[in-house]
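Architecture and fold: a report
Take a look at the letters that make up each chain.
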Amino acid sequence: MTTLARPPAVPRNRRAARLLPFLLLVAACWTSLLTLASPVSPEAPVLVSSAPGNGQVTRPDDIVLTFDRPVPAGLSTIRMTDPYKRPVDPGRPVHADGRDNTLSVPVPKQKYAGTYTIAWSVPVKGTDAATGTFTFDLASRSPVQAPPALDARPGVVVTVAHAVAQFLAFAALALLAGVVLFVAVGWPAGAESTVVRRLAAWAWGGLLGGTVLSLLTFGPYAAKLPLTDILDGGLVSGVLESATGHVYLARLLVVAVAGIGIAQFLTMAPAESARERRLRGGTVLACTAAVVATWSFTGPGSVVAGVVHLTALAVLAGILVVLRRFREVADRPKALVVVCAGLLAVTAGAEVWQHLGSLAGWLWAGFAVLVLALGLLALAGRLSLAQTGLAVALVGVSTALSVVPTGPAPAPQAPLVRLALSTGALDLAVVPARVGDNQVHVTVLDAKPGTTITAELAPPSGAPVPVSFAPAAAGHLAGSVTVPSAGPWELALTARAPDGQQEVIYGVIEVR
């Protein structure tokens with residue numbers, strides 16, 4: 001009987017030395033991502049104060065809007081209509097006195113007596129924007145004109161341009177992930193192939209270029225401007241200061257770090273064991289997930305679910321495209337194709353349930369059916385050109401779902417209520433002024449230092465509801481209240497000065 005000798009055990013220090021570079025690469029990718037970016041908040045900024053105030057009689061040189069959080073000035077819009085119904089474009093807003101939660105534009109030097117109407121827009125996430133209007137009077141009141149028209153959605157050309165940029169970037173990521181993962185787990189000797197190295201280099205360059213193009217097209221896309229403004233300095237600056245801009249910058253850094261790792265990976269000795277192949281494959285997946293997270297950070301829904309979905313999609317599409325080039329080893333990663341298809345079916349099914357009955361729900365349902373068909377075909381036999389084309393189409397559908405609006409534009413914020421004190425004034429905002437939970441913001445303007453504010457919200461009939469406030473910034477109080485029914489609600493605000501002087505002022509909030 002012949003006894004086979006067991007291979008010599010790998011010393012622990014040698015095993016650790018092999019493991020360390022892969023761990024460092026994964027840590028570098030995720031540290032680069034989380035240092036520069038975080039998930040973009042879907043919450044809209046709230047206008048908490050304006051100068052001039054809503055309905056105020058004044059002669060301002062500038063319009064200054066103050067929000068409850070930082071806003072990207074370069075991507076925001078302020079328009080006005082003068083008393084003679086003429087639209088006025090004051091140019092791109094800037095931050096007043098360098099405060100990142102403000103927007104400021106100049107009022108034309110040539111002014112006319114009467115009522116000016118102001119419309120403003122601040123991007124939130126994707127194509128959504130916080131919007132609102134208010135008026136002020138110069139010398140006298142005149143009939144209020146219709147507010148200037150602001151585009152609720154970006155134009156078709158700029159939407160297509162941004163979608164193409166996003167598609168190119170994600171398709172390049174899929175090809176890159178497919179090539180490197182294919183070599184890592186199924187064909188270690190392929191790392192020495194000139195074709196493999198060329199594909200990886202092209203895919204890496206395409207991912208880098210697609211990300212730069214996505215960053216540039218996001219400016220006119222978010223600001224609802226023509227594509228010809230793509231290189232406008234103020235617009236580019238607005239992108240770079242926005243949360244989405246930070247995500248694009250993080251993607252560029254992660255791609256650069258991953259590129260260094262991929263170059264070393266394709267030039268190192270082939271894996272000597274199944275464990276080492278799994279280690280390299282896990283490293284590729286972890287780095288792919290770090291890049292994919294930049295799409296999930298700016299998309300709807302759960303970040304974790306988005307990372308799982310898009311990572312599976314990238315790996316599936318990339319593997320299928322690579323297999324068309326290397327038919328001689330097409331059977332090796334079939335199990336990986338089936339696993340990715342299964343994950344995509346589960347995540348797409350969850351999206352169908354979440355968007356049941358809407359256009360997005362039907363699109364996700366079609367996506368799930370196509371993925372299931374792809375998985376069944378992979379189980380049945382060899383991969384075909386039709387399946388590869390289907391995988392590319394899935395990338396296109398996923399891109400469309402993340403770029404094309406599938407719901408109505410958000411409702412505009414109601415105008416602020418300007419309330420006069422004996423010394424100073426208050427700006428009051430109740431958002432969204434609907435039945436249910438509402439935010440209440442009070443900004444104290446030019447009042448005595450140390451003045452405190454308390455409030456009660458009284459329904460048309462019944463007991464008043466107290467509003468609890470917490471200081472949010474200098475002179476700005478933020479609170480919340482639950483409104484149980486629609487109709488006109490009276491908000492009673494009590495201002496108490498440090499010297500004991502007290503006054504009560506009232507504002508009426510129309511709850512829808």
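Residues numbered from 1 in each chain as written. Predicted model: local features only at pLDDT ≥ 70, side-chain atom pairs only at ≥ 80, totals over all residues. Heavy atoms only, no water.

Considerations on a nonpolar patch on the surface
Together, Val-156, Val-160, Val-164, Leu-168 and Leu-213 give the surface a local cluster of nonpolar side chains, amounting to about 420 Å² of exposed area. Sorting elements by how many residues they give to the nonpolar patch places helix H2 (residues 156-185) first, with four residues. Mapped onto the elements of the fold, Val-160 is located in helix H2. (Patch = residues over 30% accessible without salt bridge, like charges linked within 9 Å, V, L, I, M, F, W, Y side chains within 5 Å. Areas by Shrake-Rupley, 256 points an atom, 1.4 Å probe, with all protein chains shown as cover. Salt bridge = Lys/Arg side-chain N within 4 Å of Asp/Glu carboxyl O. Helix = DSSP H or I, 4+ residues; strand = E, 2+ residues; numbered from the N terminus.)

Notes on the nonpolar core
Membership of the largest hydrophobic core comes to 71 residues, with the highest contact counts inside it found for Cys-29, Phe-170, Leu-207, Trp-295, Leu-313 and Phe-367. The residues contacting Phe-367, other than those within four sequence positions of it, are His-309, Leu-313, Leu-344, Ala-348, Leu-394, Val-397 and Ser-398. Membership of the second largest hydrophobic core comes to 26 residues, among which are Ile-63, Val-71, Val-107 and Ile-118. (Core = buried A, V, L, I, M, F, W, Y, C linked by side-chain atoms within 4.5 Å. Buried < 20%, exposed > 50% of the residue type's maximum accessible area, 1.4 Å probe, protein only. Contact = heavy atoms within 4.5 Å.)

Brief notes about the packing of helix H3 (residues 194-223) against helix H4 (residues 233-241)
Here H3 crosses H4 at 100°, and the two axes come no closer than 9 Å. It follows that H3 is roughly perpendicular to H4 by the angle criterion. Residues Leu-215, Leu-216, Phe-218, Gly-219, Pro-220 and Ala-223 of H3 form the contact with H4, whose own contacting residues are Leu-235, Val-236, Val-239 and Leu-240. Among the residues forming the contact of H3 with H4, the class breakdown is nine nonpolar, one polar and no charged. (Axes fitted to C-alpha atoms, helices over the stretch in contact; angles between N-to-C directions. Parallel < 35°, antiparallel > 145°, perpendicular 65-115°, else oblique. Nonpolar A, V, L, I, M, F, W, Y, C, P; charged D, E, K, R; others polar.)

Topic: the sheet that holds strand S6 (residues 114-123)
Read from one edge of the open sheet, four strands run S4-S3-S6-S7, paired in antiparallel fashion. Among the strands making up the open sheet, the edge pair consists of strand S4 (87-88) and strand S7 (129-138). Both S6 and S7 contribute to a ladder of ten bridges, which runs antiparallel. Counted as the bridge partner of Tyr-116 is Phe-136 from S7. (Pairing = 2+ DSSP bridges.)

A closer look at the pairing of strand S1 (residues 47-51)
Summarising burial for S1: four of the five residues are buried, a large majority. Alignment of S1 against strand S2 (residues 62-67), held across four bridges, turns out to be antiparallel. In the sheet register, Ser-50 faces S2, and the bridge partner there is Leu-65.

Observations regarding the packing of aromatic side chains
Under the counting rule described, the total for this entry stands at six aromatic pairs. Centre to centre, the rings of Phe-67 and Trp-120 are 5.3 Å apart; their planes meet at 75°, and the pair counts as edge-to-face. Remark: Trp-120 occurs in strand S6 and Phe-67 occurs in strand S2; sequence separation between them is 53 residues. Judged on exposure class, the residue Phe-67 and its partner Trp-120 are both buried. One aromatic cluster in this structure is built from Phe-218, Tyr-221 and Tyr-248. (Phe/Tyr/Trp six-rings, centres within 6.5 Å; stacked < 30°, edge-to-face > 60°.)

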